Amino acid sequence: MQGTLLDNRYQVGKKLGAGGMAVVFLAKDLIGHKEVAIKVMPPTGASVNEFVRRFKREFDVCSRLDHPNVIKLISCGRTPDGSYYYAMEYLPCPTLEDILKERGKLRPSMALQVVLQMARAFEHYFDEDIVHRDLKPGNIMVEDNGRVVVMDFGLVRDPTMTQLTATGTIMGTPQYMSPELLLGEKVDKRSDIFQLGIIAHECLCGKKAFTGKTVPEVGAKIMYGQYTPVKDIDPSISDSWNNFLLNCLGTAREDRYQTAKEVLADLQCIMLKQPVEQKFSRGEAPTEDLVLGADGVLTSSRPGRPRRNPITGDTDPQQFNALSKSKVKGDTLVERQQRRRQRKLQATNPGLSSGLSHSGVTTDTVPPESLQSQRKMLVIAFALLIVAIFGGVAYT
């Protein structure tokens, strides 16, 4: 590619980097008289229809966006060998990942500027009903003048276009994925807000919010909500920052900020040193270490505690009734899942609720045969999760 003239406009120079879907080169724009970055899909990628559609979609989506905190795309075309490419603004600056590797963590004031500018980008592309889905430090550029730029919209979800990722397909980097991304579910803007919380946590304390020895263990901790508040790691961090992160990192989507405007309002409070309230109940947070079994069930290291599935929070059938009768503080994931199942059961069998009540079983208790069926489905789903992660996701 080096030395190639693309569309009589871009003189390709040195290679800047490569990823799973594309290679990036430095080039000179002979019409705009400036340096640009050229993102090229390699020939192997061009032979796969899904990659081609995803590559085109990234350009189509980003070319509609015009905001200082979103990467600016210029034009697209094809190379002499038939590969697809697009030209974008060239940013000769490090990524947030590079900065964190060098410094370990950021000062709270600098972390605020990074998170604030990312939230402004959200406000812009959320208005277009666009979801990035792959936010991580490696996709955030930080210029010397302090400008923060969100880039790499390769996994973007745009409702105006055909869905490219089938439900149940997992795409992204596990340590920065929301619970719904791990499940392969359809995502909305609240998934980006969850990823923003993970990035903000890492900026403030220099450690990833969810860690583990293996990819499944990381995913299990995200699904289970085993998050250590940042103030427990570094007591010098303000309560406002601590509560902001808790408001981003709710396991259930309804337990997070719902809009970019809510995020920006609380960031403004942090900037003005005003209090930020914890808006959502986290229920009973686990304090013990969790071990992921080969059967896809998360086991407590505390003897006698129920074994919970990391996907839904369900316990083993033998211990489910005991758990449903126990008193748990707050509105936990288990309780929410129980209520959802009960509503579905009532919808499909209106007489089920009364039948359960007359038999002395509470309406929150799921029949054993339903539990067995659900457990089989969960084991299958978790097996597919592990295969999808190891088969199609880079662990970074």
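Everything below is about the structure printed above this text.
Please read these numbers as outputs of a predicted model, since none were measured by experiment.

Thresholds, definitions, all that
Residues numbered from 1 in each chain as written. Predicted model: local features only at pLDDT ≥ 70, side-chain atom pairs only at ≥ 80, totals over all residues. Heavy atoms only, no water. Helix = DSSP H or I, 4+ residues; strand = E, 2+ residues; numbered from the N terminus. Buried < 20%, exposed > 50% of the residue type's maximum accessible area, 1.4 Å probe, protein only. Pairing = 2+ DSSP bridges. Core = buried A, V, L, I, M, F, W, Y, C linked by side-chain atoms within 4.5 Å. Contact = heavy atoms within 4.5 Å. Salt bridge = Lys/Arg side-chain N within 4 Å of Asp/Glu carboxyl O. Expected span 1.5 Å × (residues − 1). Axes fitted to C-alpha atoms, helices over the stretch in contact; angles between N-to-C directions. Parallel < 35°, antiparallel > 145°, perpendicular 65-115°, else oblique. Left-handed = near helix turned anticlockwise from the far one by under 90°. Nonpolar A, V, L, I, M, F, W, Y, C, P; charged D, E, K, R; others polar.

## Quick word on unusual backbone geometry
In most cases, non-glycine residues show a negative phi, while peptide bonds are predominantly trans. Positive phi is not limited to glycine here, since Asp129 has a value of about 60 degrees. The phi dihedral of Lys273 is positive, around 60 degrees, even though this residue is not glycine. Among the structural elements, Lys273 can be located in the loop between helix H10 (260–271) and strand S9 (290–292). Accessibility expressed as a relative area gives 77% for Lys273, which makes it exposed.

## Considering the sheet that holds strand S2 (residues 10–18)
The sheet built from six strands is open, its strands ordered S1-S2-S3-S4-S6-S5 with antiparallel pairing. Either end of the sheet is taken by a strand with one partner, and the two such strands are strand S1 (5–6) and strand S5 (73–78). When strand S4 (residues 34–40) meets strand S6 (residues 84–89), the two strands line up antiparallel, connected through five bridges. Its bridge partner being in S6, Val36 is matched across the sheet by Glu89.

## Describing the nonpolar core
One finds Leu96, Leu106, Met118, Tyr125, Trp241, Phe244 and Leu267 to be the most contacted residues of the largest nonpolar core, which totals 62 residues. Not counting residues within four places of it along the chain, the set of residues in contact with Leu267 comprises Leu112, Val115, Leu116, Ala119, Trp241 and Phe244. In this structure, Cys62, Tyr84, Cys93 and Met151 belong to the second largest nonpolar core, which totals 18 residues.

## A closer look at the pattern of salt bridges
Tallied over the full model, the rule gives 14 salt bridges. As a salt-bridge pair, Asp29 and Arg9 come within 2.9 Å of each other at their nearest N and O atoms. Taken together, the positions of Asp29 in strand S3 (residues 23–29) and Arg9 in the loop between S1 and S2 put the pair 20 residues apart, joining distant regions of the chain. When the shortest N-O distance is used, the salt bridge between Lys261 and Glu123 registers 3.8 Å. Pair noted here: Lys261 is in helix H10 and Glu123 is in helix H4 (residues 108–126), with a separation of 138 residues, a long-range link. Exposure remark for Lys261: the relative accessible area of 52% places this residue in the exposed category. When its relative accessible area of 26% is taken as the criterion, Glu123 is described as partly exposed.

## Details of H10
With twelve residues, H10 extends 16 Å between its outermost C-alpha atoms, agreeing within 8% with the 16 Å of an ideal straight helix rising 1.5 Å per residue. Taken together, the buried positions of H10 are Ala260, Val263, Leu264, Asp266, Leu267, Cys269 and Ile270. The inward-facing, buried residues of H10 abut H4, helix H6 (189–205) and helix H9 (239–248). Looking one or two residues past H10, Lys273 carries a phi angle of roughly 60 degrees, positive in sign.

## Focus on the side chain of His201
By the secondary structure assignment, His201 is in helix H6. Those residues in contact with His201 that sit more than four places away from it in its chain are Gly206, Lys207, Lys208, Ala209, Tyr227, Thr228, Val230, Ile233 and Leu245.

## Some words on the packing of H4 against H6
Packing of H4 against H6 leaves a shortest axis separation of 10 Å and a crossing angle of 170 degrees. With respect to H6, the axis of H4 lies roughly antiparallel. When you trace H4 past H6, the crossing you get is right-handed. Seen from H4, the contacting residues are Pro108, Ala111, Val115, Met118, Phe122, Tyr125 and Phe126; seen from H6, they are Lys189, Asp192, Ile193, Leu196, Ile199, Ala200, Cys203 and Leu204. The residue makeup of the contact of H4 with H6, split by class, is 13 nonpolar, no polar and two charged.

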